[in-house]
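Topology and contacts: notes
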Amino acid sequence: AQTVTQSQPEMSVQEAETVTLSCTYDTSENNYYLFWYKQPPSRQMILVIRQEAYKQQNATENRFSVNFQKAAKSFSLKISDSQLGDTAMYFCAFMKPFAGNQFYFGTGTSLTVIP
Amino acid sequence: DTAVSQTPKYLVTQMGNDKSIKCEQNLGHDTMYWYKQDSKKFLKIMFSYNNKELIINETVPNRFSPKSPDKAHLNLHINSLELGDSAVYFCASSLGGHQLGGEFQETQYFGPGTRLLVL
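Predicted model only: the values in this text are computed from it and were never measured.

So, how was this worked out
- One numbering rule holds for all chains: residues counted from 1, following each sequence as written.
- Just so you know, chain letters begin at A and ligand numbers begin at 1, following the order they were written in.
- Only residues with pLDDT of at least 70 get local features here, since the model is predicted, and only at 80 or more are side-chain atom pairs given and counted; chain-wide, interface and lining totals rely on the full set of residues.
- Hydrogen atoms and water are omitted, and side-chain values are computed over all heavy atoms in the structure.
- Confidence of the predictor in every single residue is expressed as pLDDT, which spans 0 to 100.
- The way it works is that DSSP assigns letters per residue, a run of H or I at least four long becomes a helix, a run of E at least two long becomes a strand, and they are numbered from the N terminus.
- In what follows, residue pairs with any heavy atoms lying within 4.5 Å of each other are defined as contacts.
- Buried area: the accessible surface (1.4 Å probe) lost by two parts on joining, summed over both.
- Salt-bridge detection follows one rule: a side-chain nitrogen of Lys or Arg within 4 Å of a carboxyl oxygen of Asp or Glu.
- Identification of polar contacts relies on pairs of N or O atoms within 3.5 Å, with a donor-acceptor requirement for protein atoms, meaning one able to donate a hydrogen and the other able to accept it, and with residues adjacent in sequence counted only if both atoms are side-chain atoms.
- Between any two strands, pairing holds if DSSP finds at least two bridges.
- Each residue is assigned to one of three classes by its accessible area relative to the maximum for its type, calculated with a 1.4 Å probe on protein chains only: buried under 20%, partly exposed between the two thresholds, exposed over 50%.
- Here an angle of 0 to 180 degrees is reported between the N-to-C directions of two axes, which are lines fitted to C-alpha atoms, with helices fitted over the stretch in contact.

1. Focus: the confidence of the model for chain B
A residue-level look at chain B finds 90% of positions with pLDDT of 70 or above and a mean pLDDT of 87. The secondary structure element of chain B with the lowest average pLDDT is strand β10 (residues 99-100) of chain B, at 50, and the one with the highest is strand β3 (residues 19-25) of chain B, at 97.

Here you go:
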């Protein structure tokens, strides 16, 4: 079974600063997908960024980027120039394709951006 | 245009009652899911349907029964509600592994959630 670990239950960052959220996972698969989702107080689950395991290049989406270390099974999220709207729970997720596309979520990191 | 919608948003009910939560997606996706998010924010898959067929059924009490009348809808019916059923329930959908332009589109799109409170 796949497990996803987010070791930081809570984090805070000053507005405009950079913060990194950690995520590790355990799998014996070689082909899989990794995601970061954001859940603001509105409870909506919003996709932040995704990474295919077969791609060596780290994914980036504007202020969001990942550091994907396949050998170490690590998938951290870096948020640059943090904004107040980034305050939310962040969930790391693992998915193995063709197995019902089941997502395995981490326990989440609550990020607070301080003005 | 709402991509994945759920009704109701809030549901307060008494123990022992039967209730349903509806989910609809207008994205043309083949696969739909139900997740439960407990009070500690932990998200766990409950069911997954692909083209109206059940493909994931995690260890969930028999009181929970998903129903997919067509691939755009996946409803969740809960019988004999218990206090422990109180949670936020999320519906999600994805293309389901189809290749699109040479890449798999596995991203799941979530509905706004239904907060269920059993008294």
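Following the structure, the description resumes.
2. Observations concerning the interface of chain A and chain B
At the junction of the two partners, chain A supplies 24 residues and chain B supplies 31 residues. Between chain A and chain B, a total of about 2,200 Å² is buried, with carbon and sulfur atoms accounting for 52% of that surface. Put simply, chain A and chain B have zero salt bridges between them. Our enumeration of links across chain A and chain B arrives at five residue pairs in polar contact (both at pLDDT 80 or more). Elements with a minimum of two residues in the side of chain A that touches chain B: β5 (33-39), β6 (46-52), β10 (88-95) and β11 (103-105) of chain A. Among the elements that make up the side of chain A that touches chain B, the one with the highest residue count is β5 of chain A (four residues).

3. Concerning the pairing of strand β6 (residues 53-57) of chain B
All names here are of chain B. Here strand β5 (residues 43-50) pairs with β6 via four bridges, running antiparallel. Opposite Y49, over in β6, you have L54 as the bridge partner. The antiparallel hairpin formed by β5 and β6 contains two residues in its connecting segment, where N51 sits at a positive phi of about 50°.

4. Some remarks on the pattern of salt bridges
Note that side chains of opposite charge can pair when their charged atoms are close. Under the definition given, this model contains seven salt bridges over all chains. Residues E52 of chain A and R50 of chain A are paired through a salt bridge, measuring 2.8 Å at the closest nitrogen-oxygen approach. Of the residues examined, E52 of chain A reaches a relative accessible area of 6% and is grouped as buried. By sharing partners, the salt bridges in this structure join R63, E82 and D85 of chain B into a single network.

5. Quick word on the sheet that holds strand β7 (residues 64-70) of chain B
Residues and elements named next belong to chain B. What the four strands build is an open sheet, ordered β1-β3-β8-β7; its pairing is antiparallel. Edge positions in the sheet fall to β1 (4-7) and β7, since each has one partner strand and no second. Across the sheet, the mean angle separating the axes of adjacent strands is 20° when strand polarity is ignored. Pairing geometry for β3 and strand β8 (residues 73-78), over four bridges, is antiparallel. Its bridge partner being in β8, K19 is matched across the sheet by I78.

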